[in-house]
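Residues per chain, in single letters:
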Amino acid sequence: MTEDTAPAGTITTVEAIAGHEGRTVTLRGWLYNRSSKGKLHFLQLRDGTGIIQCVMFSQEVSDETFALAGSLTQESSIVVTGTVRADKRSKIGFELGVSDLTLVHMAEPYPISPKEHGVEFLMDKRHLWLRSRRQHAIMRVRSEIVAGIRDFFDGRGFVNVDAPILTPAACEGTSTLFETEYFGQNAYLTQSGQLYMEAACMAHGKVYCFGPTFRAEKSKTRRHLTEFWMVEPEVAFMDIDEDMELAEDLVVFVVHRVLDRRRPELEALERDTARLESVTRPFVRMSYDDAIRTLVAAGHLTSWGDDFGGDEETVLASQSDRPIIVHRFPAAIKAFYMKHDPARPELALGMDVLAPEGYGEIIGGGQREDDLAVLEKAIAQHGLSPAVFEWYTDLRRYGTVPHAGFGLGLERTVAWICGLKHVRETIPFPRLINRLTP
Ligand code: 4AD
Ligand code: MG
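Below you will find a few notes about this structure. Numbers given to residues run from 1 along each chain, matching the order in which its sequence is written. Chain letters and ligand numbers both follow the written order, the letters beginning at A and the numbers at 1. The predicted origin of the model limits local features to residues at a pLDDT of at least 70 and limits the giving and counting of side-chain atom pairs to 80 or more, whereas totals for whole chains, interfaces and linings rest on all residues. As a rule here, side-chain values cover all heavy atoms of the structure and leave hydrogens and water aside.

Our next topic: the nonpolar core. The biggest cluster of nonpolar side chains holds 54 residues, and the ones touching the most others in it are Ile 149, Phe 153, Trp 416 and Ile 417. Secondary structure elements follow DSSP: runs of H or I no shorter than four residues count as helices, runs of E no shorter than two count as strands, and numbering proceeds from the N terminus. Mapped by element, the contributors of at least two residues to this core are α4 (133-154), β11 (206-214), β12 (227-236), α6 (240-261), β15 (347-355), β16 (360-367), β17 (403-409) and α13 (410-418). If you tally residues by element for this core, the top one is α6, at eleven residues. Working rule for contacts: check all heavy atoms of both residues, and any pair within 4.5 Å makes them a contact. For Trp 416, the contacting residues outside a window of four places in its chain are Val 251, Val 255, Arg 271, Leu 276, Val 279, Pro 323, Ala 355, Pro 356, Glu 357, Tyr 359 and Ile 362. One finds Leu 27, Met 56, Leu 72 and Val 84 within the second-largest nonpolar core, a separate group that totals 21 residues. Only buried residues count toward a nonpolar core, which is a set of Ala, Val, Leu, Ile, Met, Phe, Trp, Tyr and Cys residues joined through side-chain atoms within 4.5 Å. Relative accessible area decides the class of each residue, using a 1.4 Å probe on protein chains only: under 20% of the type maximum gives buried, over 50% gives exposed, and in between gives partly exposed.

See the structure below:
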């Protein structure tokens, strides 16, 4: 920028504009939209923190500047100086009376116009679509949820331990593994950090990992991604009941954290926040047995031993205005590591948290098998290689204790809290069965 075009006001952001009322400031951003009327240009400036209307009156700027503003294309990058004025009609309560504007870059014709576009088109342009108002709000809510999750665990004495992404074995069944060649041996992208957290909780007591996980999901649904983020706490000496309490506390904490700090974003998304306000303790606990009875009574063709799909989860969750927790599933439909219920060995001490409003399972977890012999038998029964799990079974050889944990899927949680139809909008760059770009 040359000397004579250097900004005259304090550089600030739209988010911080209220603190500058009556003063001259400089904002740096992109032209979101423009309308012109005779001697006036109304420029919607987007700076990453928000959008503000900048009003340019021809008599308050040079002729060149007025002409430049009139020629700006959507998403051109600009630096605008002006006076901050309170304005009741504005969503943010302020507008800028422009005294100067400089161009950083005149954008080429922008492919995303305010008119309707198909989802596939927008997904192809995801790198640009992220700039639009709705996507901006979703990413801010996602960021708040991530921060809330970390604060929740950090504030309760959990230690953050990272799990590896390249792994030698399956944690959640062999049908959804992404395989890759690893210097002459097979490796898989992790499906879950759980097994590693089981090791870590024996070292630290309370731990969590939070990272990307991968599932080669062959199904195209509104709640499946092939790459998604999961937070996975694991606690030594914890049983399934305490596990359900921890899950409940986390969900309540995160929902209220977003309500406290991201109201404008929820409003931009037209989220019915009353539905979120009602998310308080306690959540209904429902045994799998009762869940089957509920489904049968609702006319579903299901019987004891069946796993639930999205439709079943929706019916079950509609029993309450807050999430519900289903627990004690048939061991046969659950992963090898789940502890069998000592009272009824045909059951696994697993639990799922189902979100209301049709969002379904957001958390899966439970108590882990802590008996060496039982675990070894389960590994064999699931057709898994004992050698690959040698390190894992070691945890039952050296000071085994009852322990439990769970995994909360970040994207499904974001979809629910934001009230979105599909998880593809909850992650910056979604990976789906038919999408690897951008
Ligand atoms: O129920 P899941 O498969 O549980 C586990 O992976 C356990 N090992 C976690 C643990 O106990 N530490 O997955 C946990 C959660 C689900 O409830 C769901 O929210 C999310 O991860 N999830 C997915 N989210 C998006 N796309 C997918 N394909 C998902 N698969 C699971
Ligand atoms: Mg599950």
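Still to come is the rest of the account.
A few words now on the site of ligand 1. Within the structure, ligand 1 sits among 22 residues, and Glu 172, Gln 194, Arg 215, Glu 232 and Glu 361 are positioned closest to it. Here a polar contact means two N or O atoms within 3.5 Å. Within protein one must be a hydrogen donor candidate and the other an acceptor candidate, and residues neighboring in sequence count only if both atoms are side-chain atoms. Note that an oxygen atom of ligand 1 is positioned 2.9 Å from one of the side-chain N or O atoms of Arg 215. Take Glu 232: an N or O atom from its side chain is 2.7 Å from a nitrogen atom of ligand 1. Ranked by residues supplied to the shell around ligand 1, first place goes to β16 with five residues. We call a residue near a given molecule or strand whenever any one of its heavy atoms falls within 4 Å of it.

That bond from Arg 281 to Pro 282 is cis: its omega, -10°, falls within 30 degrees of zero. Its place among the elements puts Pro 282 in the loop between α8 (273-277) and β13 (284-287). With an omega of 0°, the peptide bond between Thr 437 and Pro 438 qualifies as cis. The topology assignment puts Pro 438 in the segment after α13. For Phe 183, which is not glycine, the phi dihedral falls at a positive 45°. Following the sequence through the fold, Phe 183 ends up in the loop between β9 (179-182) and β10 (185-189). Positive phi is not limited to glycine here, since Phe 237 has a value of about 65°. In this fold, Phe 237 is placed in the loop between β12 and α6.

Let us look at the sheet that holds β15. The strands making up a sheet associate through backbone hydrogen bonding, with each pair oriented either parallel or antiparallel. A strand pair is defined by DSSP finding two or more bridges across the two strands. The strand order across the open sheet built from eight strands is β7-β11-β12-β17-β16-β15-β14-β13, with neighbouring strands paired in mixed fashion. Edge positions in the open sheet fall to β7 (159-160) and β13, since each of these has one partner strand only. Most of the contacts of helix α9 (residues 288-297) go to β13, to which it runs at about 90°, and overall it touches β13 and β14 (324-330). Most of the contacts of helix α10 (residues 310-317) go to β15, to which it runs at about 75°, and overall it touches β13, β14, β15 and β16. For helices, the axis comes from a line fit to the C-alpha atoms of the stretch in contact; other axes are also lines fit to C-alpha atoms, and the angle between any two N-to-C directions lies between 0 and 180 degrees.

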